[in-house]
Amino acid sequence: MEGVMDATMRDIITRQGGFDLCVTEFLRIVDELLPSKVFYRLCPELAHGARTPSGTPVRLQLLGNNPEAMAANAARAVELGSPGVDLNFGCPAKTVNRSRGGAILLTEPDTLYEIVSAVRAAVPAQLPVTAKMRLGFDDTDLALDNALALQAGGAAEIVIHARTRKDGYKPPAYWPLIAPIVDRLDIPIVANGEVWNASDYARCQQESGVQAVMIGRGALAVPNLANVLRGQASPMPWQQVLAEVMALGERDRTEGRERYMPSRIKQWLNYLQIGYPEAEALFMQVRRIGKAPEMASALQLAALEIP
Ligand SMILES: Cc1cc2nc3c(=O)[nH]c(=O)nc-3n(C[C@H](O)[C@H](O)[C@H](O)COP(=O)(O)O)c2cc1C
């Protein structure tokens, strides 16, 4: 998730257990082969076997519309150790869509096919090329055509965010609209959108007809959500969550991101409010804090106040 799920967050979240795979924030490809340092910056895990410190594989995600450039950068991603490549055809951002990137390509199934097949040809056969799509741009008319185009191009798996670009992030996610795509395709489909707890997970599986689910914001709202969905844990207690929030703050401070630390903490608290009322109260307390030392003190105080 762009702007949120960087390597530090991936480390914190995957350490809670239960995740099979992480995908990086998207790397925007225009028409050039990007230097290796750009790949390492986005995915520092490449220097450590493309796994988070707790061992979850991390796959690089590319976004763009130029088949040759996508192919060249995909080849570089796997050379540097990414276990396959994921292609983003779901991003709803206006700036991205204006330059024919992300979800806008869902109006052009032929282009999807060209991109995936060029990338497939550039990536060694044993490594998967996967894709992420929404149900459509303005409507869902091309949902099946797009999924078929991705499959025909050689995608090994497709994650379907069960909304159109027009729907944005507005609930609900239309899980039942994934089912006819599952019926027609031969490759595995992963359902995505609005899975926040075990009952959403069960309903999503039942309505979409797929077992595998990708979670985005839910993992930020309840950090051990993957294990909760697997029935192996209850949502972690607030005290433990707060310790992770403090750890994020400490890492940002000690790893040269002091300036961004307060806004990152607020950003995470914002997601955590969905799972924890305590996060809402803390967010209100710290929302005007702009300096890292002050934020660290406020978090410490909050930890001391937990009974
Ligand atoms: C801030 C933000 C950034 C995102 N960045 C990406 C991204 O880089 N690549 C991607 O495939 N999806 C991205 N997404 C979409 C999520 O992966 C996911 O499809 C969407 O949030 C719906 O799933 P959820 O309800 O589990 O969050 C992003 C979503 C948000 C809210």
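None of these values were measured; they are calculated from a predicted model. (Residues numbered from 1 in each chain as written. Predicted model: local features only at pLDDT ≥ 70, side-chain atom pairs only at ≥ 80, totals over all residues. Heavy atoms only, no water.)

Another aspect to go through is unusual backbone geometry. A cis amide bond links Pro-171 to the next residue, Pro-172, at an omega of 5°. Structurally, the position occupied by Pro-172 is in the loop between β5 (157-164) and α7 (179-184). The phi dihedral of Ala-50 is positive, around 55°, even though this residue is not glycine. Even without being glycine, Arg-100 reaches a positive phi, approximately 55°. In this fold, Arg-100 is placed in the loop between α4 (94-98) and α5 (109-122). (Helix = DSSP H or I, 4+ residues; strand = E, 2+ residues; numbered from the N terminus.)

All right, on to the sheet that holds strand β6 (residues 189-192) then. Spatially, 7 strands are ordered β1-β2-β3-β4-β5-β6-β7 in an open sheet, and the strand pairing comes out parallel. Looking along the sheet, the strands with just one partner apiece sit at the ends: β1 (22-28) and β7 (213-214). Across 2 bridges, β6 lies against β7 in parallel orientation. Within the sheet, the bridge partner assigned to Asn-192 lies in β7 and is Met-214. Each of β2 (58-63) and β3 (85-89) is contacted by helix α3 (residues 67-79), which is oriented at about 165° to β2, the strand it contacts most. (Pairing = 2+ DSSP bridges. Contact = heavy atoms within 4.5 Å. Axes fitted to C-alpha atoms, helices over the stretch in contact; angles between N-to-C directions.)

Extensive coverage of β3 is indicated by the burial of 5 of its 5 residues. Across the two faces of β3 the burial is the same, with Val-85, Leu-87 and Phe-89 and Asp-86 and Asn-88 all buried. Inspection of the sheet shows β2 paired to β3 by 3 bridges, in the parallel sense. Counterpart to Leu-60 in the pairing with β3 is Val-85. (Buried < 20%, exposed > 50% of the residue type's maximum accessible area, 1.4 Å probe, protein only.)

Looking now at the UniProt feature "binding site: FMN" (unreviewed entry) in the protein. Look at the UniProt record and you will see "binding site: FMN" (unreviewed entry) annotated at Gln-61, Lys-132, His-161, Asn-192, Gly-193, Glu-194, Gly-216 and Arg-217. As for its position among the elements, His-161 is in strand β5. Those residues in contact with His-161, other than ones at most four positions away along the chain, are Lys-132, Met-133, Arg-134, Leu-135, Gly-168, Tyr-169, Asn-192 and Gly-193. Mapped onto the elements of the fold, Arg-217 is located in helix α9 (residues 217-221). Those residues in contact with Arg-217, other than ones at most four positions away along the chain, are Met-1, Arg-163, Tyr-169, Glu-194, Trp-196 and Tyr-271. A distance of 2.9 Å separates polar atoms of two side chains, one belonging to Arg-217 and the other to Glu-194. (UniProt positions renumbered as here; feature names shortened; annotations may be inferred. Polar contact = N/O pair within 3.5 Å; in protein donor to acceptor, adjacent residues only side chain to side chain.)

Moving on, we get to the domain arrangement of the protein. By domain assignment, the protein separates into domain 1 (7-229) and domain 2 (238-305). Taken over C-alpha atoms, the centre of domain 1 sits 29 Å from the centre of domain 2. Taken together, the contact pairs 13 residues of domain 1 with 13 residues of domain 2. Together, the buried faces of domain 1 and domain 2 total about 1,100 Å²; carbon and sulfur atoms form 64% of this surface. The three residues of domain 1 that bury the most area against domain 2 are Thr-8, Ile-12 and Leu-220, which together make up 39% of that side's buried surface. Inspection of the domain 1/domain 2 interface yields 2 salt bridges. Asp-11 is paired through a salt bridge with Arg-251; the nearest N and O atoms lie 2.6 Å apart. At the junction of domain 1 with domain 2, the criterion picks out 4 residue pairs in polar contact (both at pLDDT 80 or more). For the side of domain 1 that touches domain 2, the secondary-structure elements that each account for two or more residues are α1 (7-14) and α9. Counting residues per element, the side of domain 1 that touches domain 2 draws most heavily on α1, at 5 residues. Each residue belonging to the side of domain 1 that touches domain 2 can be placed in one class, and the counts come to 8 nonpolar, 2 polar and 3 charged. (Domains from an automatic or database assignment. Buried area = accessible area lost by both parts, 1.4 Å probe. Salt bridge = Lys/Arg side-chain N within 4 Å of Asp/Glu carboxyl O. Nonpolar A, V, L, I, M, F, W, Y, C, P; charged D, E, K, R; others polar.)

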